[in-house]
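# Working through the structure, step by step
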Amino acid sequence: MLEKIQETAAFIRERMPAQPTTAIVLGTGLGRLTEEIDVDVEINYSDIPNFPVSTVQGHKGRLLFGRLGGKDIMAMQGRFHFYEGYDMKQVTFPIRVMRELGIKTLFVSNASGGMNPDFSIGDLMIIRDHINLFPEHPLHGPNIPYGPRFPDMHEAYDKQLIAMAETIADELGIKVQKGVYVGVQGPTFETPSEYRCYHILGGDAVGMSTVPEVIVARHCGIRVFGISVITDLGVEGKPVEVSHEEVQLAADAAQPLMTAIMRELIIRAS
Ligand code: HPA
């Protein structure tokens, strides 16, 4: 495993135009951030040794290297989801490669269903913590010596970055929520009872990504900031049907706000 990570990192390092310490996973809601990146180098996932092979035909996964607001960054355009059939080692493989490449801070985004009755569709939620309900743990198996066998998760999401993001949102006049993200395997959306259950457990929003990547990043000592766009609601007593199309539409509408906060945060944080 370690050898594969190092082999992949060596391949990428040879092609890197600079040494970024910041990486971004361009999940739902952040696709348009790419338009603001001065891209120097693009590498298709399919050309990277040991990278998971995309299960979706025509899926354009690639790594980008360039500058955002003058700052060197590395970005993943497209991530690997557990529901697609990847195992957790594959889902989180790029994060370990990031660690090997010298990344110190990771920014992630996603779409989620809100369970907090104060939330509305289109809200942005800064992730302040998560609950891991995936059926397989990304650190299962022999410990990779990037971190301890039993990593602490008290501050999975960096408090300083959260405070900075709140200040930026305030300055930009953008309303943000803050809450707990519940990570589940999908691909079904939740039943009304499951939304209720996750809310009782302490969750504010639920989605099918992010948690595995964040756990592995923290194990590697990478600090993390995460933000979620609430694309549908599973609030008790108000069950509404949800579709992938609606999720996309809500995420697209919130995109400019999420992009504005992330852009500014990435530039200021370091
Ligand atoms: N549940 C799980 N994942 C999601 C949801 C949801 O309601 N919305 C967007 N991603």
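The following paragraphs examine the structure supplied in this document. (Residues numbered from 1 in each chain as written. Predicted model: local features only at pLDDT ≥ 70, side-chain atom pairs only at ≥ 80, totals over all residues. Heavy atoms only, no water.)

On to the overall build of the protein chain, then. Helix and strand content of the protein chain: 6 helices and 9 strands. Here the C-alpha atoms of the protein chain give a radius of gyration of 18 Å, agreeing with the 18 Å that 2.2 N^0.38 yields for 270 residues. Seen through its principal axes, the protein chain has C-alpha atoms that stretch 55 × 40 × 40 Å. Within the protein chain, buried positions represent 53% of all 270 residues. Counting every atom, the protein chain has about 12000 Å² of accessible surface; 50% of that belongs to carbon and sulfur. Taking the average location of the 24 positive side-chain charges in the protein chain and that of its 34 negative ones, the two points are 6 Å from each other. (Helix = DSSP H or I, 4+ residues; strand = E, 2+ residues; numbered from the N terminus. Rg over C-alpha atoms; globule rule 2.2 N^0.38 Å. Buried < 20%, exposed > 50% of the residue type's maximum accessible area, 1.4 Å probe, protein only. Areas by Shrake-Rupley, 256 points an atom, 1.4 Å probe, with all protein chains shown as cover. Lys, Arg positive; Asp, Glu negative; His and termini not counted. Charge placed at Lys NZ, Arg CZ, Asp CG, Glu CD.)

Here we come to the pattern of salt bridges. Overall, the coordinates contain 11 salt bridges when judged by the stated rule. Residues Glu213 and Arg79 are paired through a salt bridge, measuring 2.7 Å at the closest nitrogen-oxygen approach. Of this pair, Glu213 sits in helix α5 (residues 211-219) while Arg79 sits in the loop between β4 (71-77) and α2 (88-101), and the two are 134 residues apart along the sequence. The pair formed by Glu213 and Arg79 is uniform in burial state, with each residue classed as buried. Residue Asp158 pairs with Arg223 through a salt bridge whose shortest N-O separation is 4.0 Å. Placement of the pair is Asp158 in the loop between β6 (124-132) and α3 (159-172) and Arg223 in strand β9 (residues 223-233), with a sequence separation of 65 residues. For Asp158, a relative accessible area of 13% gives the class buried. (Salt bridge = Lys/Arg side-chain N within 4 Å of Asp/Glu carboxyl O.)

The next thing to look at is the nonpolar core. If you look at the biggest cluster of nonpolar residues, it comprises 82 residues, and the most contacted ones within it are Ile12, Ile24, Leu63, Met98, Leu106 and Phe225. Top contributing element to this core by residue count: helix α6 (residues 244-268), with 8 residues. Leaving out residues up to four positions away in the same chain, Met98 has contacts with Ala23, Val25, Met74, Met76, Ile103 and Leu106. Core analysis: the next-biggest nonpolar cluster, separate from the first, contains 7 residues, Met115, Tyr195, Tyr198 and Val206 among them. (Core = buried A, V, L, I, M, F, W, Y, C linked by side-chain atoms within 4.5 Å. Contact = heavy atoms within 4.5 Å.)

Bringing the layout of surface pockets into the picture now. The space that makes up the largest pocket amounts to roughly 860 Å³. Lining the largest pocket are 36 residues, with Thr28, His81, Tyr83, His244 and Gln248 sitting closest to its centre. Here the residues of the lining of the largest pocket are counted per class, giving 12 nonpolar, 18 polar and 6 charged. (1 Å grid on protein atoms, 1.4 Å probe; cavity = no way out; pocket = protein on both sides within 12 Å on 5 of 7 lines; lining within 4 Å. Points joined across faces, edges and corners; volume = space filled by probe spheres on them. Nonpolar A, V, L, I, M, F, W, Y, C, P; charged D, E, K, R; others polar.)

What surrounds the ligand is the set Ala111, Ser112, Gly113, Phe189, Glu190, Tyr195, Val206, Gly207, Met208, Thr231, Asp232 and Val247. Between Tyr195 and the ligand, the recorded distance is 2.7 Å, taken from a side-chain N or O atom to an oxygen atom. Taking 260 Å² as the accessible area of the ligand by itself, protein coverage stands at 95%. Broken down by secondary-structure element, the contributors of at least two residues to the shell around the ligand are β5 (105-114), β8 (205-207) and β9. When residues in the shell around the ligand are grouped by element, the largest group, 3 residues, is from β5. (Near = heavy atom within 4 Å. Polar contact = N/O pair within 3.5 Å; in protein donor to acceptor, adjacent residues only side chain to side chain.)

Here the focus is the environment of Leu63. Summarising the element assignment, Leu63 is placed in strand β3 (residues 62-68). For the pair Leu63 and Gly78, spaced 15 residues apart in sequence, the C-alpha separation works out to 8.5 Å. Discounting residues that sit within four places of it in the chain, Leu63 has contacts with Ile12, Val41, Glu42, Ile43, Tyr45, Ile48, Met74, Ala75 and Met76.

With that settled, consider the packing of helix α1 (residues 2-15) against α2. It is the contact of α1 with α2, at a shortest axis distance of 9 Å, that shows an interaxial angle of 65 degrees. Taken as a pair, α1 and α2 cross one another with a handedness that is right-handed. Contacts from Lys4, Ile5, Gln6, Thr8, Ala9, Ile12 and Arg13 in α1 reach Phe93, Arg96, Val97, Glu100 and Leu101 in α2. For the contact of α1 with α2, the residue count by class is 6 nonpolar, 2 polar and 4 charged. (Axes fitted to C-alpha atoms, helices over the stretch in contact; angles between N-to-C directions. Left-handed = near helix turned anticlockwise from the far one by under 90°.)

Moving on, we get to the packing of aromatic side chains. In this description, an aromatic ring pair is defined by two values, namely the gap between the centres and the angle between the planes. Applying the stated criterion to the full structure yields 7 aromatic pairs. Between Tyr45 and Phe80, the ring centres sit 5.4 Å apart and the planes meet at 40 degrees, which makes this aromatic pair tilted. Linking Tyr45 in the loop between β2 (37-44) and β3 with Phe80 in the loop between β4 and α2, this pair joins segments that are 35 residues apart in sequence. Across the pair, exposure class does not vary: Tyr45 and Phe80 are buried alike. (Phe/Tyr/Trp six-rings, centres within 6.5 Å; stacked < 30°, edge-to-face > 60°.)

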